[in-house]
Amino acid sequence: MNRFLQILTVTIITSFFASCTKSTDKFTPYSTAELNDISWSSNGIADAKAKQMVSLLSKPIFSSIFNATNGAVVDVDDNVQLALPSNSYLLDGNNYNKTNANFSVKELSKKGDFIRNLASSTNSNLIQETKGAFLLNLTSDSGFSLSLTKNSSYNLRLIDSVLSQDYKYFTGSSSATNEGGISWSLADSAAGNFMQQTSILVQGATKNAYEITSNKLAWVSIAKPLTFNSYVNSSVVLPQNFTNKTTMVFAAFADYNVVLQLLPDYASKTYLMKDIPLGIGIKLISISYIDNQFYLGKQDITVSKSAQYSISPAITPITVADLNSFLDGL
């Protein structure tokens, strides 16, 4: 082998080994735009990305056609019943005169349900433990949104073997995903929105239930306000590759059916926990969607006066099935 070929061979071999690195636990960005992007956005996660995450993780929504002229009483599942009124629907402010219409009910009852829908079950300034939250929508036979006439209402019933006066009726309004997803407030009974305890007949058996009477569509919930002795403020930090453009962080209360979505803070590049009860157990959970793959982070803490906590997401993606299994187990 001549001198030139020897030099060429050595160069190729050296270059080959230089391109191979030993696998370590260190998080190393791949050559993709999202994972390499460590900048934060003042607007938070994009609506399109949030909707894609919810679409991939959400469970099927109950939907059905009903007779808008006669109304309907429908068992959504073994614990939820919906009664819809007759001749009470508006399309763009005008009476809806067609027979068929559609309704859908999305039910969130467990902590994992709220997280997979990127939603809070509570406000930080009014912590409530949720028995069940529901997203109710009505549409015409052509798919356009319907509303209820002024003096009409539907009845949403949640069966529970033991009823408590501690539970109240809340309404929710959607907000930007980086501001908590849903803002909850006590329903305005003066506007005809109220809740009572009742007995209903389901599949031949009489059962106790909470019954919401309302003309307010979209988000409603049955929840119990909680009070604690003292509250603290702190924040959560993640590795720099997990930014508010790809990542959402939640606090799941260990001993209560409560999920709070943390607010990303653009200035500090952290996620804020405001008015968190001192001394309670919490599982901090980060859900990231980067380059069409999910990453999961989790950290169990007891809330102290610490100013900051950290989450280190797994360096390998998690499948949708495994992520949903984790959420189901919360």
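Structural data are supplied above this passage.
So, a few notes on the structure that sits alongside this text. Keep in mind that this is a model prediction, so the values were computed, not measured.

## Considering the pairing of strand S2 (residues 72-75)
By the alternation rule, side chains of S2 split into Ala72 and Val74, which are all buried, and Val73 and Asp75, of which none is buried. Across 4 bridges, the pairing between S2 and strand S3 (residues 80-84) is antiparallel. Directly across from Val74, in S3, lies its bridge partner Leu82. Counted between consecutive antiparallel strands, the loop separating S2 from S3 contains 4 residues.

## A few points about the sheet that holds strand S17 (residues 259-261)
The pairing of strands in a sheet happens through backbone hydrogen bonds and is either parallel or antiparallel. Strand order across the open sheet formed by 4 strands is S17-S16-S20-S21, with antiparallel pairing between neighbours. Only two strands of the sheet have a single partner each, and these edge strands are S17 and strand S21 (293-302). For this sheet, the mean angle separating the axes of adjacent strands, direction not counted, is 20°. Note that strand S16 (residues 247-253) and strand S20 (residues 281-290) share 7 bridges and pair antiparallel. Its bridge partner lying in S20, Ala252 is registered against Lys283. Seen against the sheet, helix H3 (residues 47-57) touches S20 and S21 and runs at an angle of roughly 110° to S20. Contacting S20 and S21, helix H5 (residues 320-328) runs over the sheet at an angle of about 25° to S21.

## Let's talk about H5
Buried within H5 we find Leu323, Asn324, Phe326 and Leu327. One face of H5 carries all of its buried residues, which in axial projection span an arc of 155°. Of the surrounding elements, those touching the buried residues of H5 are H3, helix H4 (111-116), S20 and S21.

Calculation notes
- Residues numbered from 1 in each chain as written.
- Predicted model: local features only at pLDDT ≥ 70, side-chain atom pairs only at ≥ 80, totals over all residues.
- Heavy atoms only, no water.
- Buried < 20%, exposed > 50% of the residue type's maximum accessible area, 1.4 Å probe, protein only.
- Helix = DSSP H or I, 4+ residues; strand = E, 2+ residues; numbered from the N terminus.
- Pairing = 2+ DSSP bridges.
- Axes fitted to C-alpha atoms, helices over the stretch in contact; angles between N-to-C directions.
- Contact = heavy atoms within 4.5 Å.
- Arc of directions from axis to C-beta.

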